[in-house]
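# Overview (structure and organization)
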Amino acid sequence: TSFSASSELAEEIVTHVAERIADGRTESGWVEGADGYGIGESVTVQFDKTYRIDTFTIYAGYHRSEDYFNENAVPSSLTLTFSDGTQQAVSLQKLMQAQTISLNPVYTDSVKITLNGAYAGTKYADTVISEIAFSGSGEKRCIICEWDA
C-alpha cells in the first residue's frame, strides 16, 4: 500500500505526510498544506491489489490531544473516489473518536479521499485526518488497519 497527497503541511520539525494517515498512531496524521481549510485537497491510497471494500473508518481531526483536536480543523465532508471512477460522499461529525461509515460495496485498487468541507478549528485553518481504514470481504478483512486488531 502506498500513499500520496495533493499537499502536505511542512512545519519546522515535521512534515505531515500522507503516510501518517495509516501509520497505526492516532496522535499523528496527514495535514493538508493548502491555504484555508484545504477544500479540494486529497490523499490517494494505492493498494497492493484489488479489494472489495464495504466500510470506511476514520479518525477525523487531530487526535493527538483534546487541545490539538479543537485547535485544528476537522473534516466535515469527504468524497471517496474509487479506481473504477465511482464516487461516494461521506459526511462526518466533529467527534474525537473513530467513525465507521458503511459504503456501497466496491471493488477497487485505490481510493482518493477529497476534502469537501471542514469544521473550523479554534486556532488553525489546517484540516487533519489522523487515521483511516478500509474493510471488506476476502482473505484480508482489514485492508489498512494496523491500529484495529
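The preceding data block contains the structure.
Right, let's walk through the structure included here. (Residues numbered from 1 in each chain as written. Predicted model: local features only at pLDDT ≥ 70, side-chain atom pairs only at ≥ 80, totals over all residues. Heavy atoms only, no water.)

### Looking at the layout of surface pockets
Here the idea is plain: a probe the size of a water molecule rolls over the atoms and shows the empty space left. Here the largest pocket defines a volume of roughly 320 Å³. What lines the largest pocket is a set of 17 residues, among which Glu11, Val14, His16, Tyr62 and Tyr68 lie closest to the centre. By residue class, the composition of the lining of the largest pocket is 8 nonpolar, 3 polar and 6 charged. (1 Å grid on protein atoms, 1.4 Å probe; cavity = no way out; pocket = protein on both sides within 12 Å on 5 of 7 lines; lining within 4 Å. Points joined across faces, edges and corners; volume = space filled by probe spheres on them. Nonpolar A, V, L, I, M, F, W, Y, C, P; charged D, E, K, R; others polar.)

### Describing the packing of aromatic side chains
Summed over all chains, the structure comprises 4 aromatic pairs. Three or more aromatic residues joined by ring pairs make a cluster, and in this case those are Phe47, Tyr51, Phe56 and Phe134. The cationic tip of Arg64 hangs over the ring face of Tyr68; the distance from NZ or CZ to the ring centre is 5.3 Å. (Phe/Tyr/Trp six-rings, centres within 6.5 Å; stacked < 30°, edge-to-face > 60°. Lys NZ or Arg CZ within 6 Å of the ring centre and 35° of its normal.)

### Digging into the pattern of salt bridges
A pair can form between side chains of opposite charge whenever their charged atoms are brought close. Taken as a whole and assessed by the stated rule, the structure comprises 3 salt bridges. Between Asp23 and Arg25 there is a salt bridge, and its shortest N-O distance comes to 4.0 Å. One salt bridge in this structure joins Glu27 and Arg25, with 3.2 Å as the shortest N-O distance. Looking at Glu27, the relative accessible area reads 33%, which means it is partly exposed. Each of Asp23, Arg25 and Glu27 takes part in salt bridges that share partners, so that together they form one network. (Salt bridge = Lys/Arg side-chain N within 4 Å of Asp/Glu carboxyl O. Buried < 20%, exposed > 50% of the residue type's maximum accessible area, 1.4 Å probe, protein only.)

### Side note on the side chain of Gln88
Within the secondary structure layout, Gln88 lies in strand β5 (residues 87-91). Relative accessible area serves as the criterion here: at 13%, Gln88 is assigned to the buried category. A distance of 2.8 Å separates a polar side-chain atom of Gln88 from the backbone oxygen of Asn104. Those residues in contact with Gln88 that sit more than four places away from it in its chain are Leu78, Thr79, Leu80, Phe82, Leu103 and Asn104. (Helix = DSSP H or I, 4+ residues; strand = E, 2+ residues; numbered from the N terminus. Polar contact = N/O pair within 3.5 Å; in protein donor to acceptor, adjacent residues only side chain to side chain. Contact = heavy atoms within 4.5 Å.)

### Here we look at the pairing of strand β3 (residues 42-60)
Pairing of strand β1 (residues 2-5) with β3 involves 4 bridges; the strand directions are antiparallel. Counterpart to Ser4 in the pairing with β3 is Thr44. Relative to strand β6 (residues 99-119), β3 is paired through 12 bridges, and the arrangement is antiparallel. In the strand pairing of β6, Thr55 is matched with Ser102. (Pairing = 2+ DSSP bridges.)

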